[in-house]
Amino acid sequence: FSWLINVTPALSSLNADLDRVTEYAAAIERVQDVRGYFQSTGIHDFRYRTHESGKGIVVRKLELMHGGKEAEPFLRMEGESLRFPAGSWTALVGASGSGKTSFLNALMGQKDYGRAVVFLPDGRKPFYAFQDQRIPDTTLKQLICGSEDEDSFDDIEVAAVLAQAGLGSPDFLRAMNERTCNGRPWERALSGGQKKRIILARLLLLKPEVAFLDETTAGLDPGAQREFYTLLKAFCPGLTVIGSIHNRMMPVLGDGTPVFDQIAEIEGGIISLRRYVDAHDFRAEVVALHPTEPMKEARAINE
């Protein structure tokens, strides 16, 4: 009886631990069904369609929110649809935390809460450059090609785009098929700016039809930013770009030509699309784009 008294608390603790483990296992199983998990914990109704390449990107009925069935949207769209014509370059701007990355995630099909109907060009998969670029433990060639498509490109092709992107050093080219360079993994062998150039090299090699760039040039000096955009426009003509930028000064090419021709601005929980006009301050002059109304010119007061 004395033994039973001493053992009973341990048995109760073991039973409680077993219940917790069972709950964790059930939760892990629920999370495996990502779509089902989001639908059970909030609103998740994203629908993706494809249409002819010449129609660019069209977004309808966009509302993004956090978890919970009663959650209010933190981001809505202005008007019935947002249209990004084929070959257009759109700068996505807004304050930190306004929803720029969440908007790009919704376009790319990343899992999140909200609803939208997104039409993308039929053909090659859109390219998405995440804001936080992580370098996996792999070879440089796999970083550029993608592990699944490595055999689709020979070493000469990869070496060529590395050189174009400013990564053509002899050390890099010699170690292209290795997991390390001079004894260091690529995560440590590449500087912050060189990691940005990895994105450029991938774009130059893969030549996607659509690219979503999340602050891809943040941290680069103005000259490196200009080189990034110049190469991308020269070697990927017809590319449709939606790119978030980290400041309000619109980038320009060497001849003064604006990089972007449209502005998608997030302000007050609303994302609206405007044609970009002024090369110095996009607030100086914009042309509002309303899909169901005639184009109207609007001049905003500089802040």
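Above this text sits the structure in question.
To start, this report covers the structure provided alongside it. Throughout, a residue's number is its position along its own chain's written sequence, starting from 1. Whole-chain, interface and lining totals are the exception, using all residues; otherwise, since this is a predicted model, local features are given only for residues with pLDDT of at least 70 and side-chain atom pairs are given and counted only at 80 or more. The basis for every side-chain value is the complete set of non-hydrogen atoms in the structure, without hydrogens or water.

### Observations concerning the packing of helix 8 (residues 192-206) against helix 9 (residues 222-235)
Here helix 8 crosses helix 9 at 10 degrees, and the two axes come no closer than 10 Å. Classed by the angle they form, the pair helix 8 and helix 9 counts as roughly parallel. The segment helix 8 lies against helix 9, with Lys196, Arg197, Leu200, Leu203 and Leu204 engaging Ala224, Glu227, Phe228, Leu231, Leu232 and Phe235. Here the residues of the contact of helix 8 with helix 9 are counted per class, giving 8 nonpolar, no polar and 3 charged. An axis is simply a line fitted to the C-alpha atoms; with a helix, the fit covers only the stretch in contact. Between two such axes, the angle follows the N-to-C directions and lies from 0 to 180 degrees. Put simply, DSSP marks the helices as runs of H or I at least four residues long and the strands as runs of E at least two long, and each gets a number from the N terminus on. For this classification, under 35 degrees means roughly parallel, over 145 means roughly antiparallel, 65 to 115 means roughly perpendicular, and everything else is oblique. The contact rule is simple, with two residues in contact once any of their heavy atoms fall within 4.5 Å. As a working rule, the residues Ala, Val, Leu, Ile, Met, Phe, Trp, Tyr, Cys and Pro are called nonpolar, Asp, Glu, Lys and Arg charged, and the rest polar, with Gly in that last group.

### A few points about the layout of surface pockets
Counted as a void, the largest pocket has a volume near 830 Å³. Grid points spaced at 1 Å and placed over the protein atoms alone form the basis of the search, with a cavity being a set where a 1.4 Å probe fits but cannot get out and a pocket an open set showing protein on both sides within 12 Å along at least five of seven lines. Lining residues have an atom within 4 Å of a point. Together, 27 residues line the largest pocket, and Phe127, Tyr128, Gly146, Arg202 and Leu206 are the ones closest to its centre. For the lining of the largest pocket, the secondary structure elements donating two or more residues are strand 7 (127-129), helix 4 (140-145) and helix 8. Grid points are joined across faces, edges and corners, and a volume is the space filled by probe spheres set on the points.

### Re the pattern of salt bridges
Between Lys or Arg on one side and Asp or Glu on the other, a salt bridge is scored when a side-chain nitrogen of the former is within 4 Å of a carboxyl oxygen of the latter. Overall, the coordinates contain 9 salt bridges when judged by the stated rule. For Glu63, the salt bridge is made with Arg115, and the minimal N-O distance between the two is 2.5 Å. Residue Glu63 is located in strand 2 (residues 57-64), and its partner Arg115 is located in strand 6 (residues 114-121); the two are separated by 52 residues in the primary sequence. A relative accessible area of 29% places Arg115 in the partly exposed class. By sharing partners, the salt bridges in this structure join Glu63, Glu72, Arg76 and Arg115 into a single network. Exposure classes here rest on a 1.4 Å probe applied to the protein chains alone. A residue is buried below 20% of its type maximum, exposed above 50%, and partly exposed in between.

### Details of empty space enclosed by the protein
As enumerated under the stated definition, the model contains 1 cavity of 30 Å³ or more in all. Thr216, Thr217, Tyr229, Ser244 and Ile245 are the residues nearest the centre of the largest cavity, which is lined by 13 residues in total. Those elements that place two or more of their residues in the lining of the largest cavity are helix 9 and strand 11 (240-244). Here the residues of the lining of the largest cavity are counted per class, giving 7 nonpolar, 5 polar and 1 charged.

### Overview of the pairing of strand 13 (residues 270-276)
Whether two strands pair comes down to DSSP finding at least two bridges between them. Inspection of the sheet shows strand 3 (residues 75-77) paired to strand 13 by 2 bridges, in the parallel sense. Bridged to Arg76 within strand 13 is Ile270. Connecting the antiparallel pair strand 12 (residues 262-267) and strand 13 is a turn made up of 2 residues, with Gly268 showing a positive phi of about 65 degrees.

### Looking at the packing of aromatic side chains
Ring pairs shown here join Phe, Tyr and Trp side chains whose ring centres sit within 6.5 Å, with only the six-membered ring taken for Trp; geometry is labelled stacked below 30 degrees between planes, edge-to-face above 60, and tilted in between. The full count for this structure, using the stated rule, is 7 aromatic pairs. Ring plane angle 70 degrees and centroid distance 5.5 Å describe the contact between Phe172 and Trp186, whose orientation is recorded as edge-to-face. Of this pair, Phe172 sits in helix 6 (residues 170-174) while Trp186 sits in helix 7 (residues 186-189), and the two are 14 residues apart along the sequence. The exposure class of Trp186 is buried, given its relative accessible area of 1%. A connected cluster of aromatic rings, assembled from ring pairs, spans Trp89, Phe228, Tyr229 and Phe260.

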